[in-house]
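Commentary on secondary and tertiary structure
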Amino acid sequence: KFSGSGAGIFLRKTLVVFQIFVSVCLIAGALTVSKQLKFMQNKDLGYAKDQMLILKFPSITDSTILVNANYFKNEISRLTNIKAVSNSSDIPGQLLGANTIRKKESNFEDHVTTFQSMVDYHYFDAYQMKLSAGRYFRSDDSTNILSSSNNRLVVNEKLVEILGYENPEDAIGKSVLFHFGTKENEGTIIGVINNHNQRSLKEDYEPILYIYPRFIPWIYFSINLSTNQISSTLAEIEGLYNRIFAGNPFDFFFLDEYFNDQYSSDQQFQKVFGVFSMLAILVALLGLFGLSTLMMAQRSKEISIRKVLGAKVSSIVLLLSKEFIKLILIGGVIAAPVIFIWSKNWLSSFAFRIVLDWSIFVIPTFLLFLVSLITIGYQTIKAAIQNPVEALRQDL
């Protein structure tokens, strides 16, 4: 008795709208996460990330390590598929060590925080970082940063900005005082490179100071490979490494995989969203299927009379589908502000993010509408093509 009453009908429709609302929200959430992950993985980070082989520096060393390291670099540079080789203390994707820097003419209290990275003069060429002003390091720019006051430095645009220079050109040739360990050293800015994403796109550009030290046990070899014959090239590099650094493990990885590991939690989040979206769609479709089955049973005599009076199957299907289409649209409209607020809040944790567009709101509703239409259409067509005589004989 309740199912045929106004309250019963309203309750059924409300539950169906709620199911559609939840489904649309989850599909939109999964779509937002997917778009953001794709954006992060495809964004130009400001340096060469693909086909960059990172090889860890030997852990077992002696007094010949720097000579051997230079010999190793020279040998693999001669290989056909090697574009460039560099040594560094850090690689993109890592949190750099922080210290302070200030203009030489400023007071000590005016220092700003900067991240530091020690690199050789091949580093910027290997990573294909673009120069904004000045020049890169040359082979004769290396200095003993513990005793020299003639340190040549390369900085990025972000550090130029927070130091207060008007533009990159204005910073070239300027003297600065920077801390290395506990000692404050003097240096001259010789080059400014474009900003790049040192870490995840959740972080903004970081101010970075690059130093080219004369003596240091490097931590990484960065090897820029061409896309040809990577396996054979890797085998050649391993052979050279094992011969020159005998007894050390050949420990390597590719930078793009290492960098994208920062998004593992977001990728897991995407998978969870996807699973719940599929479950929500399934529940919503079951609800629509049940509601349409009940409605067809209740209106079977009406459908039969319309057919007897000459109504076409297509017009009957359209008539009966209107109610369901309305429910789907209501659920989609109610979901829109929720999708907007959630997406804005989630994306706010990323310094670099996608722009919300119409597809985030329209695609989930359209997708659910399409799948629902197939489900409802099956029921309505089945009822519309039924023999009118059989339907009229059935009891209400």
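Residues numbered from 1 in each chain as written. Predicted model: local features only at pLDDT ≥ 70, side-chain atom pairs only at ≥ 80, totals over all residues. Heavy atoms only, no water.

**Points about the environment of F124**
Within the secondary structure, F124 is located in helix α3 (residues 123-126). F124 sits in the buried class, given a relative accessible area of 1%. For the pair formed by F124 and A84, sequence separation is 40 residues and the distance between their alpha carbons is 9.8 Å. (Helix = DSSP H or I, 4+ residues; strand = E, 2+ residues; numbered from the N terminus. Buried < 20%, exposed > 50% of the residue type's maximum accessible area, 1.4 Å probe, protein only.)

**Description of the side chain of Q116**
Structurally, the position occupied by Q116 is in strand β4 (residues 112-118). Under the relative-accessibility criterion, Q116 is labelled buried at 12%. Within the structure, the side chain of Q116 is placed 2.5 Å from the backbone oxygen of H179, a separation counted as a polar contact. Other than its neighbours up to four places away in sequence, Q116 contacts D90, L96, G97, N99, F178, H179, F180, L209 and I211. (Polar contact = N/O pair within 3.5 Å; in protein donor to acceptor, adjacent residues only side chain to side chain. Contact = heavy atoms within 4.5 Å.)

**Re the nonpolar core**
Judged by nonpolar contacts, the single largest core of 41 residues is most densely connected at F72, I223 and I237. Residue contributions to this core peak at 5 residues, all from helix α6 (residues 230-244). Those residues in contact with I237, other than ones at most four positions away along the chain, are L53, L55, F72, I76, L79, I82, I223, L225 and F250. Counting residues in each nonpolar core, the second largest holds 40 residues, with Y47, I54, I190 and F253 among its members. (Core = buried A, V, L, I, M, F, W, Y, C linked by side-chain atoms within 4.5 Å.)

**Digging into the pairing of β4**
Burial of β4 is extensive: 6 of the 7 residues sit out of reach of the surface. Pairing of strand β3 (residues 97-103) with β4, which is carried by 5 bridges, proceeds in the antiparallel orientation. From the neighbouring strand, A98 faces β4, where its bridge partner is F115. When β4 meets strand β9 (residues 208-211), the two strands line up parallel, connected through 4 bridges. By the bridge assignment, F115 is partnered in β9 with I208. (Pairing = 2+ DSSP bridges.)

**A word on the packing of helix α8 (residues 264-298) against helix α10 (residues 313-347)**
Interhelical geometry of α8 versus α10 gives an angle of 160° and a closest axis separation of 12 Å. As far as their axial angle goes, α10 and α8 are roughly antiparallel. Two packed elements cross with a definite hand, and for α8 against α10 that hand is right-handed. Along the contact surface, α8 presents D266, F269, F273, L288, L291, S292, M295 and M296, while α10 presents L320, E323, F324, L327, W342 and W346. (Axes fitted to C-alpha atoms, helices over the stretch in contact; angles between N-to-C directions. Parallel < 35°, antiparallel > 145°, perpendicular 65-115°, else oblique. Left-handed = near helix turned anticlockwise from the far one by under 90°.)

**With respect to the pattern of salt bridges**
Going through the model one piece at a time under the given rule, you end up with 12 salt bridges. Taking the shortest distance from any N to any O, the salt bridge between E186 and K104 comes out at 3.0 Å. With E186 in strand β8 (residues 183-193) and K104 in the loop between β3 and β4, this residue pair connects regions lying 82 residues apart in the sequence. A relative accessible area of 24% places E186 in the partly exposed class. Residue classification places K104 among the partly exposed residues on the basis of a relative accessible area of 43%. In this structure, E206 engages R199 in a salt bridge whose closest nitrogen and oxygen atoms are separated by 2.6 Å. (Salt bridge = Lys/Arg side-chain N within 4 Å of Asp/Glu carboxyl O.)

**Side note on helix α2 (residues 65-77)**
In a regular helix each residue adds 1.5 Å, so 13 residues correspond to 18 Å; α2 covers 18 Å between its end C-alpha atoms and thus fits that length. The complete set of buried residues in α2 reads I65, A69, F72, K73, E75 and I76. All buried residues of α2 fall inside an arc of 165° around its axis, so they share one side. Where α2 is buried, its residues touch β1 (52-56), β2 (82-88), β10 (220-225) and α6. (Expected span 1.5 Å × (residues − 1). Arc of directions from axis to C-beta.)

**Some details on the packing of aromatic side chains**
Counting across every chain of the model gives 27 aromatic pairs. Arranged with centres 5.6 Å apart and planes meeting at 85°, the rings of Y123 and F124 form a pair that is edge-to-face. Both residues of the pair, Y123 and F124, belong to the buried class. A ring pair is formed by F252 and F254, whose centres lie 6.4 Å apart and whose planes are at 90°; its orientation type is edge-to-face. Through a chain of ring-to-ring contacts, the aromatic side chains of Y47, Y121, Y123, F124, Y127, Y136, F137, Y210 and Y212 assemble into a single cluster. A cation over a ring is seen here: K43 above F352, with NZ or CZ 4.8 Å from the ring centre. (Phe/Tyr/Trp six-rings, centres within 6.5 Å; stacked < 30°, edge-to-face > 60°. Lys NZ or Arg CZ within 6 Å of the ring centre and 35° of its normal.)

**Re the environment of S348**
Tracing the backbone shows S348 in the loop between α10 and α11 (358-384). In this structure the side chain of S348 is engaged in a polar contact, spanning 2.5 Å, whose partner is the backbone oxygen of N345.

**Brief notes about unusual backbone geometry**
Even without a glycine there, the phi angle at Q51 is positive, about 60°. Relative to the assigned elements, Q51 resides in the loop between α1 (6-42) and β1. Phi angles above zero are rare outside glycine, and Q128 is one such case at about 55°. Relative to the elements of secondary structure, Q128 occurs in the loop between α3 and β5 (131-134).

**Details of the sheet that holds β2**
Read across the sheet, 4 strands follow the order β2-β10-β1-β11 without closing on themselves; strand pairing throughout is antiparallel. Two strands bound the open sheet, and with one partner strand each, they are β2 and β11 (252-254). The mean inter-strand angle of the sheet, taken between neighbouring strand axes irrespective of direction, is 20°. Inspection of the sheet shows β1 paired to β10 by 5 bridges, in the antiparallel sense. Paired with L53 across the two strands is I223, which belongs to β10. Docked against the sheet, α2 engages β1, β2 and β10, running at close to 165° with respect to β2. Its contacts with the sheet place α6 against β1, β2, β10 and β11, and it is angled at close to 20° to β1.

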